[in-house]
Amino acid sequence: LAKTTQPISMDSYEGQEVNITCSHNNIATNDYITWYQQFPSQGPRFIIQGYKTKVTNEVASLFIPADRKSSTLSLPRVSLSDTAVYYCLVGGTGGGNKLTFGTGTQLKVEL
Amino acid sequence: DTEVTQTPKHLVMGMTNKKSLKCEQHMGHRAMYWYKQKAKKPPELMFVYSYEKLSINESVPSRFSPECPNSSLLNLHLHALQPEDSALYLCASSQNLNGGTQYFGPGTRLLVL
């Protein structure tokens, strides 16, 4: 069973770039890596998804090394409203490991 | 439209009650999921439906009974719950099971007394 781990918490200041890593040593060939943002008492909100190398959208970038055993979510120029818990989700029920959320990283952004 | 809706938002029930949680999506997704989330923990997968058929049951106790009446709706029937079942119950949907992005609803906050 894949064990997916993240740092428990990170602190940053407005305007800085934040990089959050996720370790997924047992990732299977068919597994995708997806990152979510969650505010208290709300459902997780999709940020970005990737399979390998680098993916970028309007809010974040996702870096996945060749061995795919880890991934890094990069948030450019964070603001106070980015204070939330960030989860990586690894897996695909169509094959490979079952869907497993990472342990979650509480990001706190200050002025 | 990437919206998944869930009702009710909050639910308080006794251990002898029967209640149901409802989830709806109109994105044409054919995979739907139930998750349970305790405070300060990641969501835990409970059930997965694919094309209205139960695909995965993560050894969930029988006091939780899922139902998928059609491709847009997913229910979770609750009966004889325990206080430790109190949690945020999240519904999600994706285009299919092959790694498609899951979109989550806002959740139902359940309190079992």
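All residue numbers here refer to positions counted from 1 along the written sequence of the relevant chain. Chain letters start at A and ligand numbers start at 1, both assigned in the order the entries are written. Residue-level local features of this predicted model are given only where pLDDT is at least 70; pairs of side-chain atoms are given and counted only at 80 or more, and the full residue set underlies all totals for whole chains, interfaces and linings. Here the side-chain values reflect all heavy atoms present in the structure, with hydrogen atoms and water set aside.

Chemist: Can you help me understand the interface of chain B and chain A in this one?
Modeler: A common way to report how large an interface is uses the accessible area buried once the components associate. Residue contacts are defined here by distance: any two heavy atoms, one from each residue, within 4.5 Å place the two residues in contact. Across the boundary between the two partners, chain B contributes 22 residues, which contact 19 residues of chain A. Buried area: the sum, over both parts, of the accessible surface (1.4 Å probe) that disappears when the two are put together. Both faces considered, chain B and chain A share a buried interface measuring about 1500 Å² in area, 57% of it formed by carbon and sulfur atoms. For this analysis, a salt bridge means a side-chain nitrogen from Lys or Arg found within 4 Å of a carboxyl oxygen belonging to Asp or Glu. Inspection of the chain B/chain A interface yields zero salt bridges. Nitrogen and oxygen atoms within 3.5 Å of one another constitute a polar contact, given that in protein one can donate a hydrogen and the other can accept it, and given that sequence-neighbouring residues count only through two side-chain atoms. In this structure, the connection of chain B to chain A is made through six residue pairs in polar contact (both at pLDDT 80 or more). Under the DSSP-based scheme used, a helix requires at least four consecutive residues in state H or I and a strand at least two consecutive residues in state E, with every element numbered from the N terminus. Put simply, the parts of the chain that give the side of chain B that touches chain A at least two residues each are strand 4 (31-37), strand 5 (44-50) and strand 9 (87-94) of chain B.

Chemist: Looking at this structure, I do not really get the side chain of Gln-37 of chain A. What am I missing?
Modeler: All names here are of chain A. Tracing the backbone through its elements, the reader meets Gln-37 in strand 4 (residues 32-38). For Gln-37, a relative accessible area of 3% puts it in the buried group. One polar contact links Gln-37 to Tyr-86, side chain to side chain, over a distance of 2.9 Å. Excluding anything up to four places from it in sequence, Gln-37 contacts Gly-43, Pro-44, Arg-45, Ile-47, Ser-81, Asp-82, Ala-84, Val-85 and Tyr-86. Any residue under 20% of the maximum accessible area for its type is buried, any over 50% is exposed, and the rest in between are partly exposed; the area is computed with a 1.4 Å probe on protein chains only.

Chemist: Looking at this structure, how should I read the side chain of Thr-4 of chain A?
Modeler: By secondary structure assignment, the location of Thr-4 of chain A is in strand 1 (residues 4-5). Beyond its immediate sequence surroundings of up to four residues, Thr-4 of chain A is in contact with Cys-22, Ser-23, His-24, Cys-88, Val-90, Thr-100, Phe-101, Gly-102 and Thr-103 of chain A.

Chemist: Help me out: how do you make sense of the packing of aromatic side chains in this one?
Modeler: Geometry of an aromatic ring pair is reported as the spacing of the ring centres plus the angle between the planes. All names here are of chain A. For this analysis, a ring pair means two rings from Phe, Tyr or Trp (six-membered ring only for Trp) whose centres lie within 6.5 Å, classed as stacked if their planes differ by under 30 degrees, edge-to-face if by over 60, and tilted for the remaining angles. Applying the stated criterion to the full structure yields eleven aromatic pairs over all chains. On the numbers, 6.0 Å between centres and 50 degrees between planes, the contact of Tyr-36 with Phe-101 is tilted. Of the two residues, Tyr-36 sits in strand 4 while Phe-101 sits in strand 10 (residues 100-101), which places them 65 residues apart along the sequence. Tyr-36 gets classed as buried once you look at its relative accessible area, which sits at 1%. Criterion for a charge above a ring: Lys NZ or Arg CZ within 6 Å of the ring centre, and within 35 degrees of the ring normal. Above the face of the Tyr-51 ring, Arg-68 is positioned so that its terminal group lies 4.0 Å from the ring centre.

Chemist: Is there a simple way to think about the state of the cysteines in this case?
Modeler: Where two cysteines share a covalent bond between their sulfur atoms, that bond is called a disulfide. Defined by distance alone, a disulfide is two cysteine sulfur atoms within 2.5 Å. Under the counting rule described, the total for this entry stands at two disulfides over all chains. Across the disulfide, Cys-22 of chain A is cross-linked to Cys-88 of chain A (sulfur-sulfur distance 1.9 Å). Its S-S torsion of approximately 50 degrees makes the covalent link between Cys-22 of chain A and Cys-88 of chain A right-handed. Of this pair, Cys-22 of chain A sits in strand 3 (residues 18-24) while Cys-88 of chain A sits in strand 9 (residues 84-91); the two residues are 66 residues apart in sequence, bridging distant segments of the chain. Overall, Cys-22 of chain A belongs to the buried group, its relative accessible area being 1%. Overall, Cys-88 of chain A belongs to the buried group, its relative accessible area being 0%. Here Cys-23 of chain B is linked by a disulfide to Cys-91 of chain B, with a sulfur-sulfur distance of 1.8 Å. A torsion of -70 degrees about the S-S bond marks the disulfide between Cys-23 of chain B and Cys-91 of chain B as left-handed. Here Cys-91 of chain B lies in strand 9 and Cys-23 of chain B lies in strand 3 (residues 18-25), a separation of 68 residues in the sequence.

Everything listed is a geometric property; what it means functionally is a separate question.
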